[in-house]
Structures are given as C-alpha cells and as structure tokens.
Amino acid sequence: MSGAIVGALACQRNSFLFDGFKATVVSCEKAAPLSKKSAKKTGDESAGYDVELSDTILFPEGGGQPSDTGSLLVEGRDTPLVVSQVSRQGLRALHRVSSPVEPGTAVTLSVDKQRRFDFMQQHTGQHLLSALLEQKYSLDTLSWSMATPDVEAQEPSSLLNFIELPKRLTPAQVDEINNLANEYIMMNPQGIKVSESQPAELDETSKIPDDYDFGSGVVRTVHIGTLDANQCCGTHLASTAQIGSLVVFAAGQTTVRSTNSRLYFTCGLRVSKYASLASDVLAETKQTLSCSETQLAEGASKLKAQLVQRTKGEQFWARLGATQDAERIAKKLSDDTWASLLRDEYCGQEYLNLVYKELAVALKERDDSKPYRAVLAGYDKAAGAAAVVVVADSGEGIEEAVGLVTASIPQVRGGGGKKGGKWQGKATAVTAAQWTALCEAVKGRK
C-alpha cells in the first residue's frame, strides 16, 4: 500500500474535512530530532515517530501555510495520539506522533478545526490581497509570511501577516485596497475553486518547490472567481465571504532589501482579536497618560522628552557623587591599605564603574608605592542581587580582596585584575545576612 501524494491529499481536495476521517498506516519511522525552532513551534522537544497514511486530512506545512495539528486515534484504543506536526518529504506527508504505530493499522484522524480555519482565512485573504494589488497597482507579491500566534497571544502585532512588495503603499492606496478587498468579501463574494494538473514542465513563474516531483505529483491552481488563478498547495476557503474581514495597515510598513516594503495585514477572526487587544492597550495607555486617543502621540513625546531630561540630570548627579566617593576612597587609601564603598540603595554596576573610573585616575596620580585594596559593592535587597568591584595594586591584592568577598557571598562570579587593577563581579540570590557579613568583613580592614 502506498500513501496519497502531497498535492492530492484529502485535505487539499476538501479543506472542510475536520474529523472522523478513516485511514490506514502505510509506514512508521523513528523521526529525526526536531530543530530548536520546530521544537519551539510544536512545544515538543522529543523526536517521536513519523507516520505516513493512506490519505490524510492534516495539511503538511507548505505554500506559506503552517502545518496542521490534530490527533490520530488507533483502532481499538481510547486515547488518541497527538499529531504535533505534519511535514512534507518529497510527495509524502509525515505525521509526527510520540509513539510508534504498526503499518496496516486502521486510524481515525481529527484536525484542530479552529487553527485550520484561521489559517485558511489568512491564506485565502493573502491570495485576494495579492490579486488586487497586482490588478490595481501592478505590484507583484515577492513573498509573504503568515503569523502563527500563540493561543495566549498578548501582543496585537503577533496576529499580523505580511506580504513583501516592490515599493511602499501610500495611505490612500491602503484605504482603496481595504475597501476593494472587503467589497469582494461582503458585497460581491467570489467562489473559490481548485484545479489539478500534471504539466510536462513548469514555466519560470512557477511556485512549486524544487524538491517536489511535479512529474509524479499534482500541480494545484487556486481560482478566486475571475480575479485570480495562482499555483498553491495550501488549504483554502470555498468563498471569499468566509474570509469575514480583511484589514491592511498603512502604518508600520517596513523597508527590506533597500527598496522593498513589508505590508502588514490580518483576516477573519483575528481582526476582532486584534481590535480587542489593541483597544486594551489604548485604554491602559490613555489612563496612564491622562489623554485621549488623538493625544497619545503628543503625550508619549512629552513623556519621552521629560525622561531624557531626567536621565541627563541623574547622570550628572551620579557623576558628581561618583567623583566625591572616589575622592573619599583615595584619601582613605593615602593613610590605610583598605577602603570601601558599601551601599544597599541606588548602587548598581553602572555607578560602581563610574566610581572606579574616577578612582583609577586618582590612584594613578599617587607618588608612593604603598599597597592598596578597595572593595566597592552595591546590594539590591528586593532583587537579592549584588554588584562588586575590587581594586588593588597587584594580582595578590586582587586575590586577597576577592577572597574576602567570596567568603561572605560564595555565589559571586566575576573576573579580571590578574595583575592588579580591577576585578568585577556580580551575584544573585544574595541574602541580607550575606550582605551584612560582607560589610562587617570589609569595614574591619584597615
């Protein structure tokens, strides 16, 4: 027995077969380990098994459309196997499952209906959008990408697909395309048909993958009424009316490859989900900035300007404080071998480095060869994190001072200063008791 070939699968001939589909296992092979990217997509890091069936209603990834997911119920069992991915290998469709299934076994297939229908809305929407852009503005779609948002997607942008065009559209052109596309969805819906052929050769405009044996396979062409005819292996809707809605965004177009532009859009049920998520973001931002929607940009600009000014002020006072701390430490080291800066507020790595920069200048100007060790440390009690800078005249001095630090905070990690100068480190999960122990140990040195 051989499996149905990709191009003539049941899911491609009838995109609305979602469950109760009977098939027979043709082969079952130990799968190659998934790439990190694929494992992240499927949520399954194990290799599993690749099962080929006599036919399938689960679509393998292709044509810009992600793989279906679903389940495979072995005859005589109560619990189905999860199909986490379907891939194409030449003309074969391989179903990734977690355990082996004997060839010849009868199985029943089900598709994740919501995922499939969403993908069909996006894919058919892309065909319609590309057809209209070509007819209206003579713009070819150079490539496209379908977003595959997580079930719990929280970012509105995670719902957006894009098509790549030779140039950017104007806002007026985007408005015109939006109106035209939705006219073909709501007022003048077009029927969608698929034709199959086995051409002797492909022309240069063909979109068939290089590894697809079209001589033994089937070339499918998707027809949207009289608007468009495009080679495609994906699953599609029966009518443009089923797209529901299509929104193209004028804002956010990005330039790629110097002159090309990515135009973002979304279709179907994603439109309402996008509106809901975007509305939540707007409402929260309006409340935070105490302004209306039309004032958000101005409010954000003012806030940014205030933040820049405040940051400049903080940097000024930090440099001033660092200079004073460095002078105090340098003065202490003129009389003693040991000095320290120990603070449990507003004393992170950045501030310690400012102090060290000023201190290094002061120490370089010394005209004596007296040894010195300085421990600069800051502690964030809420985060349980500590930053440490050790300064010494020699590698032995660095080793001695670092030993003092690690005796109190064993988990500190850092490096540098093998011949003296500066050692820098940090630690997490630092307790208040450890910080107190460090302070007492350092302050006890002269």
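What counts as what
- Residues numbered from 1 in each chain as written.
- Predicted model: local features only at pLDDT ≥ 70, side-chain atom pairs only at ≥ 80, totals over all residues.
- Heavy atoms only, no water.
- Helix = DSSP H or I, 4+ residues; strand = E, 2+ residues; numbered from the N terminus.
- Buried < 20%, exposed > 50% of the residue type's maximum accessible area, 1.4 Å probe, protein only.
- Contact = heavy atoms within 4.5 Å.
- Areas by Shrake-Rupley, 256 points an atom, 1.4 Å probe, with all protein chains shown as cover.
- Lys, Arg positive; Asp, Glu negative; His and termini not counted.
- Charge placed at Lys NZ, Arg CZ, Asp CG, Glu CD.
- UniProt positions renumbered as here; feature names shortened; annotations may be inferred.
- Expected span 1.5 Å × (residues − 1).
- Axes fitted to C-alpha atoms, helices over the stretch in contact; angles between N-to-C directions.
- Parallel < 35°, antiparallel > 145°, perpendicular 65-115°, else oblique.
- Left-handed = near helix turned anticlockwise from the far one by under 90°.
- Nonpolar A, V, L, I, M, F, W, Y, C, P; charged D, E, K, R; others polar.
- Core = buried A, V, L, I, M, F, W, Y, C linked by side-chain atoms within 4.5 Å.
- Phe/Tyr/Trp six-rings, centres within 6.5 Å; stacked < 30°, edge-to-face > 60°.
- Pairing = 2+ DSSP bridges.
- Salt bridge = Lys/Arg side-chain N within 4 Å of Asp/Glu carboxyl O.

## Quick notes on the overall build of the protein chain
Here comes step 1: Each helix and strand in the protein chain was counted, giving 9 helices and 19 strands.
Here comes step 2: Seen through its C-alpha atoms, the protein chain measures out along the principal axes to roughly 90 × 60 × 40 Å.
Here comes step 3: With 446 residues in all, the protein chain has 44% of them scored as buried.
Here comes step 4: In the protein chain, once contacts between residues fewer than 6 apart in sequence are set aside, the share between residues at least 24 apart is 69%.
Here comes step 5: About 23,800 Å² of surface is accessible on the protein chain, with carbon and sulfur atoms providing 51% of the total.
Here comes step 6: Charge separation in the protein chain, taken as the distance between the mean sites of 48 positive and 53 negative side-chain charges, equals 6 Å.

## With respect to the UniProt feature "domain: Threonyl/alanyl tRNA synthetase SAD" (unreviewed entry) in the protein chain
Here comes step 1: What UniProt calls "domain: Threonyl/alanyl tRNA synthetase SAD" (unreviewed entry) maps, in this numbering, to residues 219-264.
Here comes step 2: The distance separating the terminal C-alpha atoms of residues 219-264 is 29 Å; by composition the span is 0% helix and 57% strand.

## Here we look at helix H6 (residues 296-335)
Here comes step 1: In this model H6 runs 58 Å from its N-terminal to its C-terminal C-alpha over 40 residues, within 8% of the 58 Å that 1.5 Å per residue would give.
Here comes step 2: Among all positions in H6, only Leu296, Gly321, Ala322, Asp325, Ala326, Ile329, Ala330 and Leu333 are buried.
Here comes step 3: For H6, the elements touching its buried residues are helix H5 (269-289), strand S15 (338-343), helix H7 (349-364) and strand S16 (373-380).

## Observations regarding the packing of H6 against H7
Here comes step 1: Between H6 and H7, the shortest axis-to-axis distance is 8 Å and the interhelical angle comes to 45°. Relative to H7, the element H6 lies oblique. Taken as a pair, H6 and H7 cross one another with a handedness that is right-handed. Of H7, the residues touching H6 (which contributes Ala318, Arg319, Gly321, Ala322, Thr323, Asp325, Ala326, Ile329, Ala330 and Leu333) are Tyr351, Leu354, Val355, Glu358, Leu359, Ala362 and Leu363.
Here comes step 2: Split by residue class, the contact of H6 with H7 holds 12 nonpolar, 2 polar and 3 charged.

## Concerning the nonpolar core
Here comes step 1: With 31 residues, the main nonpolar core has Leu128, Leu129, Leu133, Ile163, Leu169, Val248 and Leu263 as its most contacted residues.
Here comes step 2: In terms of residues, this core owes the most to one element, helix H3 (residues 113-137), which gives 7 residues.
Here comes step 3: Not counting chain neighbours up to four residues away, the residues in contact with Ile163 comprise Gln126, Leu129, Ser130, Leu133, Thr141, Ser143, Trp144, Ser261, Arg262, Leu263 and Phe265.
Here comes step 4: The next biggest cluster of nonpolar side chains, apart from the first, holds 24 residues, and it includes Ala4, Phe21, Leu72 and Val111.

## So, the packing of aromatic side chains
Here comes step 1: Scanning all chains against the criterion turns up 5 aromatic pairs.
Here comes step 2: Arranged with centres 6.0 Å apart and planes meeting at 75°, the rings of Phe16 and Phe18 form a pair that is edge-to-face.
Here comes step 3: When the ring of Tyr379 is compared with that of Trp435, the centres are 5.2 Å apart and the planes differ by 20°; the resulting orientation is stacked. With a gap of 56 residues between them, Tyr379 in strand S16 and Trp435 in helix H9 (residues 432-443) connect regions that are remote in the sequence.

## As for the sheet that holds strand S8 (residues 143-145)
Here comes step 1: If you walk across this open sheet you meet the 4 strands as S8-S9-S14-S13, and the pairing is antiparallel. What marks the edges here is a single partner per strand, and that holds for S8 and strand S13 (246-256). Taken over all neighbouring pairs, the strand axes of this sheet differ in orientation by 25° on average, direction set aside.
Here comes step 2: Running at roughly 135° to strand S14 (residues 260-267), H3 makes contact with S8, strand S9 (161-165), S13 and S14 of the sheet.
Here comes step 3: Packing against the sheet, H5 makes contact with S9, S13 and S14, and its axis sits at approximately 95° to S14.

## Details of the sheet that holds strand S1 (residues 21-30)
Here comes step 1: In spatial order, the strands read S4-S3-S7-S1-S2-S6-S5; together these 7 strands make up an open sheet with antiparallel pairing. On the outer flanks of this sheet lie strand S4 (81-83) and strand S5 (85-89), each paired with one strand and no other. Here the average twist between neighbouring strands, direction ignored, is 40°.
Here comes step 2: Pairing between strand S3 (residues 70-74) and S4: 3 bridges, direction antiparallel. Looking across to S4, one finds that Ser71 is bridged to Val82.

## Concerning the packing of H5 against H6
Here comes step 1: At a closest axis distance of 10 Å, the pairing of H5 and H6 adopts a crossing angle of 55°. Taken together, the axes of H5 and H6 are oblique relative to one another. Seen from above, H5 lies across H6 with left-handed handedness. Every residue of H6 that contacts H5 at Leu282, Thr285, Lys286 and Leu289 is listed here: Leu296, Gly299, Ala300 and Leu303.
Here comes step 2: Of the residues contributing to the contact of H5 with H6, the split by class is 5 nonpolar, 2 polar and 1 charged.

## Some details on the pairing of S9
Remember that side chains alternate between the two faces of the sheet whenever the strand is regular.
Here comes step 1: S9 sits mainly inside the fold: 5 of its 5 residues count as buried.
Here comes step 2: A two-sided burial pattern is seen for S9, the buried positions comprising Asn161, Ile163 and Leu165 on one face and Phe162 and Glu164 on the other.
Here comes step 3: In terms of strand pairing, S8 meets S9 through 3 bridges, oriented antiparallel. From the neighbouring strand, Trp144 faces S9, where its bridge partner is Ile163.
Here comes step 4: As paired strands, S9 and S14 are joined by 5 bridges and run antiparallel to one another. Looking at the pairing, Ile163 lines up with Leu263 of S14.

## Some details on the pattern of salt bridges
Here comes step 1: All chains considered together, the criterion is met by 15 salt bridges.
Here comes step 2: Between Lys286 and Glu293 there is a salt bridge, with the nearest N and O atoms lying 3.4 Å from each other.
Here comes step 3: Exposure remark for Glu293: the relative accessible area of 45% places this residue in the partly exposed category.
Here comes step 4: With a closest N to O distance of 2.9 Å, Arg343 and Asp325 form a salt bridge. Of this pair, Arg343 sits in strand S15 while Asp325 sits in helix H6, and the two are 18 residues apart along the sequence.
Here comes step 5: For Arg343, a relative accessible area of 31% gives the class partly exposed.
Here comes step 6: The exposure class of Asp325 is buried, given its relative accessible area of 7%.
Here comes step 7: Here the residues in one salt-bridge network are Arg373, Asp393, Glu400 and Arg445, joined through shared partners.

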